[in-house]
Amino acid sequence: MVYLLTKGRPINEFYLIQSNGVYANEKDIPFNPLTGEKLTYWGGSHTVKAGDYIWQDQNGDFDVWDWNDRVRTGNPNPRITGGFTNTFSYKNFSLEISVNFLMGREIFNKYISDRLQGYQNNLSFIAATDLSKLGTWQKEGEGSKFAELNPYGDNYYQFLPFSSAYIENGNYARIKYINLSYTFPRKFLDRIKMRNLQIYSVIDNLHTFQRSTVPDAEAVNELGVYTGTGYPIPRKFTLGVNV
């Protein structure tokens, strides 16, 4: 992966080949009007076919893969971060909710990139995998998210992390915790000769709202990359008594 550091712009912008989906049909592939030859990748070493990624030819030479075809494809730095905590009370019940959120950034799903690359190079992995669940291209005319996965087909390094095919929306809002409590009334406490008695339950990491396909859009590194190697944030349930 390549990142850009440019004066006056966000740090570590993704600088990658722009991917615009997957070619569903042969007829969709552009060709050079001067030669009649189809678009190629990697200096002409791979002729594009149905099931390949739609890599944007930025410099118009009908071949994609050099520095002239890379562009800014995402910003891993959030534009907005925030959170709030609020408490709702009704009689002796109290409900406290804490939420944090992050908006306006892109993240790179290297976990799926590495997974697809591993499947491409290891037939035993592919045989044990339901490809329909991965969203890879399988037949002409079919729309898909990722390129064809075929260990016997052409390998143009399509699953390595240098295109925007694996960039996702990194926005999320997480319910950090919910605390529900009940404080026993004064009359009851006087009867049992106690000054205070409260029971409560807390749920940590209740739910995360996100559009990304990674398990946790918060669990990326400082460059906005999700590798799948960290520990997930657990959901915890707590019951307790304050006296």
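Relevant structure appears above.
Numbers given for residues are sequential positions, taken from 1 along each chain in its written order. pLDDT decides what is reported in this predicted model: residues at 70 or higher carry local features, side-chain atom pairs at 80 or more are listed and counted, and totals for whole chains, interfaces and linings draw on all residues regardless. Hydrogens and water molecules were not included; the side-chain quantities draw on all heavy atoms of the structure.

Engineer: Any chance you could break down helix 1 (residues 110-121) for me, citing the residues and the numbers?
Structural biologist: For helix 1, which comprises 12 residues, the first-to-last C-alpha distance of 16 Å matches the rise-based estimate of 16 Å (1.5 Å per residue) to within 8%. Of all the residues in helix 1, the buried ones are Ile112, Ser113, Leu116, Gln117, Tyr119 and Gln120. Seen from one end, helix 1 has its buried residues packed into an arc of 160 degrees, which puts them on one side. Secondary structure elements follow DSSP: runs of H or I no shorter than four residues count as helices, runs of E no shorter than two count as strands, and numbering proceeds from the N terminus. To estimate the expected span of a helix, count its residues, drop one, and scale the result by 1.5 Å. Only protein chains enter the accessibility calculation, which uses a 1.4 Å probe. A residue is then buried if its area is under 20% of the maximum for its type, exposed if over 50%, and partly exposed in between. Working note: the arc is built from the helix axis to C-beta atom directions.

Engineer: How would you summarise the sheet that holds strand 7 (residues 63-64) if you had to cite specific residues and measurements?
Structural biologist: A pair of strands counts as paired when DSSP detects no fewer than two bridges linking them. Spatially, 3 strands are ordered 5-4-7 in an open sheet, and the strand pairing comes out mixed. The sheet is open, and its two edges are formed by strand 5 (46-47) and strand 7, each paired on a single side. Alignment of strand 4 (residues 40-41) against strand 5, held across 2 bridges, turns out to be antiparallel. Residue pairing for strand 5: Thr40 is matched across the bridge by Thr47.

Engineer: I'd love a proper account of the pairing of strand 2 (residues 13-17), names of residues and values included.
Structural biologist: Counting buried residues along strand 2, 5 of its 5 residues qualify, which places the element largely inside the surrounding structure. Pairing between strand 1 (residues 3-4) and strand 2: 2 bridges, direction antiparallel. Counted as the bridge partner of Tyr3 is Phe14 from strand 2. The pairing of strand 2 with strand 8 (residues 70-74) spans 4 bridges and is antiparallel. Pairing of Ile17 across the sheet is with Arg70, part of strand 8.

Engineer: If you had to explain the side chain of Asp57 to someone new, which residues and values would you point to?
Structural biologist: For Asp57, the location among the structural elements is in the loop between strand 6 (53-55) and strand 7. We note that Asp57 is buried and unpaired, the nearest opposite charge coming from Arg70 at a distance of 13 Å. By the criterion applied in these results, polar contacts are pairs of N or O atoms within 3.5 Å in which, for protein atoms, one can donate a hydrogen and the other can accept it, and in which residues neighboring in sequence qualify only through two side-chain atoms. A polar contact is formed between the side chain of Asp57 and the backbone nitrogen of Phe62, at a distance of 2.7 Å. Non-local contacts of Asp57, meaning those with residues more than four positions away in its chain, are made with Leu39, Phe62, Asp63, Val64 and Asp69. Here Asp and Glu are counted as negative and Lys and Arg as positive; His is not counted, and neither are the chain ends. Salt bridges, as used here, are contacts in which a Lys or Arg side-chain nitrogen is within 4 Å of a carboxyl oxygen on Asp or Glu. Contacts were defined at the residue level, with two residues in contact if any of their heavy atoms lie within 4.5 Å.

Engineer: Can you explain the environment of Thr6? Please cite residues and give values.
Structural biologist: Looking at the secondary structure, you find Thr6 in the loop between strand 1 and strand 2. A relative accessible area of 30% means that Thr6 is categorised as partly exposed. With 108 residues separating them in the primary sequence, Thr6 and Asp114 have C-alpha atoms 28 Å apart. For Thr6, the side chain forms a polar contact with the side chain of Arg72, separated by 3.2 Å.

Engineer: Outline the pattern of salt bridges, supporting the account with residue identities and numerical values.
Structural biologist: Taken as a whole, this structure holds 12 salt bridges when the rule is applied. A salt bridge links Arg72 to Glu13; the nearest nitrogen and oxygen atoms lie 3.0 Å apart. With Arg72 in strand 8 and Glu13 in strand 2, this pair connects stretches of sequence that are 59 residues apart. Exposure remark for Glu13: the relative accessible area of 5% places this residue in the buried category. The salt bridge partner of Asp52 is Lys49, with a shortest N-O separation of 3.6 Å. By relative accessible area, which is 2% here, Asp52 ends up buried.

Distances and angles like these do not, on their own, reveal function.
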